[in-house]
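One letter stands for each residue in the lines below.
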Amino acid sequence: MTVEGVIFFSIMAPRKRKPTSSETNDAGESRAKSKRAEKKEATSDEDLPRHRVTVRSLALRMAAIFLFLGLAHWYSVDAGLQSLAKQNEDVPLRRFNVTCSSDFQSDLKKFKGTGCAPTQCGRVVMDGLISKSEARHLLELAKNGISLGGSNGGASILDLHSGALSKGDSFINIYKYLEKGELGSVFHEGDFKLYSTVAKKIKRAIAKEFGIRLDKLHLTHPTFFSRMTNKPAKTIHDEYWHVHVDKETYETFDYTSLLYLADYQKDFEGGRFIFTDKGSNMTVEPKLGRLSFFTSGSENPHYVERITKGTRYAITVSFTCDKTKAIEHPKLHKS
Ligand SMILES: *[C@@H]1O[C@H](CO)[C@@H](O)[C@H](O)[C@H]1NC(C)=O
Ligand SMILES: *[C@@H]1O[C@H](CO)[C@@H](O)[C@H](O)[C@H]1NC(C)=O
């Protein structure tokens, strides 16, 4: 038996309960009642044959040990998960530094002296930079936009820059395939304005936190809304749960940001964002309006846990140091 088991065993050993002072001071009926109860307890213990007491308490102790071991196992599984931000927390600004990977550094060498290399690689969470009402507005935009198409599997995206929208097992370009009237009834000038305002706020926050020059950082492709559910994957695009490095997936990425538009454990279950580190992984629990950003190299491998219930909305807003890979803010295509 383990040491913890022994300690637990002795803690669980039954003790004779003494009446508390308030109980002994109780007057009248309640005193009589407790006296009767005490008497009953005593007689029932004395009445039991000796071996039955032993068997009963042994069974109790065994149950306690199993419960304890179960809890210990559950705790050790969860101990491999460190939290950067919990859903029920309000995190004005929280930062976790990591050493920049060599691939990230060598990629940024091209931009050395240009003011686009971070003072230190890392991960940041900020609640409140994007207001709840801004986040709710973007959520409506995501819902309405993605409802024009939608993947057959569990992951759908809408990229307002290129017009790419998941539909069935592939993608359509909403700016080509949708009637102008249909586009106009779903998207409004104000939506695009807000989208740009939010992207600019995020860019400023990244520049400030990583100590880079604002004019050296550019919005890049792909920047998109995502909707995730527990629907089984139909194509590789539906498989969001694989560990990956953004810079390997999308060469253009230098800084990745995610703006969450739904609440973990309220709107959906599963779906936490997980940085995979040696020895201990680190989670970010999504929350409406929560912004998270990080350097995109292999110092920050990550994945999204599979959704088990509900729908998870977010926006991925990506930035590059490479001016030739910059993209414009989207505009409402009018007839
Ligand atoms: C992370 O690195 C930045 C930049 O070097 C530094 O200012 C900050 O104090 C560090 N934060 C932590 C939590 O170590
Ligand atoms: C971190 O996550 C990866 C991917 O799910 C997993 O293989 C690994 O065991 C996890 N590490 C820890 C310490 O929990």
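Details of the structure are given in the entry above.
Residues numbered from 1 in each chain as written. Chains lettered and ligands numbered in written order. Predicted model: local features only at pLDDT ≥ 70, side-chain atom pairs only at ≥ 80, totals over all residues. Heavy atoms only, no water.

1. Some points on the site of ligand 2
- Close to ligand 2 lie G80, V243, T276, G279, S280, N281 and Y303.
- Within the side chain of N281, a nitrogen or oxygen atom sits 2.2 Å from an oxygen atom of ligand 2.
- A distance of 3.0 Å separates an oxygen atom of ligand 2 from a polar atom in the side chain of Y303.
- Taking 360 Å² as the accessible area of ligand 2 by itself, protein coverage stands at 48%.
- Taken together, the residues of the shell around ligand 2 break down into 2 nonpolar, 5 polar and no charged. (Near = heavy atom within 4 Å. Polar contact = N/O pair within 3.5 Å; in protein donor to acceptor, adjacent residues only side chain to side chain. Areas by Shrake-Rupley, 256 points an atom, 1.4 Å probe, with all protein chains shown as cover. Nonpolar A, V, L, I, M, F, W, Y, C, P; charged D, E, K, R; others polar.)

2. Section: the state of the cysteines
- Taken as a whole and assessed by the stated rule, the structure comprises 2 disulfides.
- Paired through a disulfide, C100 and C121 show a sulfur-sulfur distance of 2.0 Å. A torsion of 100° about the S-S bond marks the disulfide between C100 and C121 as right-handed. Separated by 21 residues along the polypeptide, C100 in the loop between strand 2 (94–97) and helix 5 (102–109) and C121 in the loop between helix 5 and strand 3 (122–126) bring together distant segments of the chain.
- Overall, C100 belongs to the buried group, its relative accessible area being 18%.
- Paired through a disulfide, C116 and C321 show a sulfur-sulfur distance of 2.0 Å. (Disulfide = S-S within 2.5 Å. Helix = DSSP H or I, 4+ residues; strand = E, 2+ residues; numbered from the N terminus. Buried < 20%, exposed > 50% of the residue type's maximum accessible area, 1.4 Å probe, protein only.)

3. With respect to the site of ligand 1
- Ligand 1 sits among R95, N97, T119 and Q120.
- Taking N97, its side chain carries an N or O atom lying 2.4 Å from an oxygen atom of ligand 1.
- Taken by itself ligand 1 offers 360 Å² of open surface, and the protein chains cover 39% of this.
- By residue class, the composition of the shell around ligand 1 is no nonpolar, 3 polar and 1 charged.

4. Describing the layout of surface pockets
- What the largest pocket holds in volume is close to 890 Å³.
- Forming the walls of the largest pocket are 40 residues, and the residues nearest its centre are I157, F224, H237, Y240 and Y250.
- Taken together, the elements giving at least two residues each to the lining of the largest pocket come down to strand 5 (155–158), strand 6 (164–168), strand 7 (170–173), strand 8 (218–228), helix 10 (246–249), strand 9 (255–260), strand 14 (302–304) and strand 16 (312–320).
- The leading source of residues in the lining of the largest pocket is strand 8, at 5 residues.
- Here the lining of the largest pocket is composed, by residue class, of 18 nonpolar, 16 polar and 6 charged. (1 Å grid on protein atoms, 1.4 Å probe; cavity = no way out; pocket = protein on both sides within 12 Å on 5 of 7 lines; lining within 4 Å. Points joined across faces, edges and corners; volume = space filled by probe spheres on them.)

5. A word on the side chain of D159
- Here D159 is to be found in the loop between strand 5 and strand 6.
- We note that D159 is buried and unpaired, the nearest opposite charge coming from K176 at a distance of 13 Å.
- Polar side-chain contacts of D159 include one of 2.7 Å to the backbone nitrogen of H161.
- Discounting residues that sit within four places of it in the chain, D159 has contacts with A164, H221, P222, T223 and F224. (Lys, Arg positive; Asp, Glu negative; His and termini not counted. Salt bridge = Lys/Arg side-chain N within 4 Å of Asp/Glu carboxyl O. Contact = heavy atoms within 4.5 Å.)

6. Structural notes on the packing of aromatic side chains
- Following the criterion strictly, the structure yields 11 aromatic pairs and no others.
- A centroid spacing of 6.2 Å and a plane angle of 85° characterise the contact between F104 and Y255, whose relative ring orientation is edge-to-face. One end of the pair, F104, is in helix 5; the other, Y255, is in strand 9, with 151 residues separating them in the sequence.
- Feature note: the residues F104, F210, Y255 and F293 constitute an aromatic cluster, connected by ring pairs. (Phe/Tyr/Trp six-rings, centres within 6.5 Å; stacked < 30°, edge-to-face > 60°.)

7. As for empty space enclosed by the protein
- Under the counting rule described, the total for this entry stands at 1 cavity of 30 Å³ or more.
- Here the largest cavity defines a volume of roughly 50 Å³.
- Looking at the lining of the largest cavity, the elements with two or more residues in it are helix 9 (189–210) and strand 16.
- Residue contributions to the lining of the largest cavity peak at 4 residues, all from helix 9.
- Considering only residue class, the lining of the largest cavity consists of 8 nonpolar, no polar and no charged.

8. Concerning the nonpolar core
- Residues L138, F187, F225, Y255 and L261 are the most contacted members of the largest nonpolar core, which totals 53 residues.
- Tallying contributions element by element places helix 9 first for this core, with 10 residues. (Core = buried A, V, L, I, M, F, W, Y, C linked by side-chain atoms within 4.5 Å.)

9. Points about the pattern of salt bridges
- Applying the stated criterion across every chain, the model contains 12 salt bridges.
- A salt bridge links E134 to K201; the shortest N-O distance between them is 3.1 Å. Placement of E134 in helix 6 (residues 132–146) and of K201 in helix 9 is noted, with a sequence separation of 67 residues between them.
- Residue class for E134 comes out buried when judged on its relative accessible area of 14%.
- One salt-bridge network, in which partners are shared between bridges, spans D107, K247 and D254.

10. So, the environment of S101
- By secondary structure assignment, the location of S101 is in the loop between strand 2 and helix 5.
- Between the C-alpha atoms of S101 and N300, which are 199 residues apart in sequence, the distance is 8.6 Å.
- A polar side-chain atom of S101 sits 2.7 Å from a polar atom in the side chain of E299.

11. Considering the pairing of strand 9
- When you tally the buried positions in strand 9, you get 6 out of 6 residues, the bulk of the element.
- With 6 bridges connecting them, strand 9 and strand 16 associate as antiparallel partners. Each bridged residue has a counterpart across the sheet, and for L258 the counterpart in strand 16 is T316. (Pairing = 2+ DSSP bridges.)

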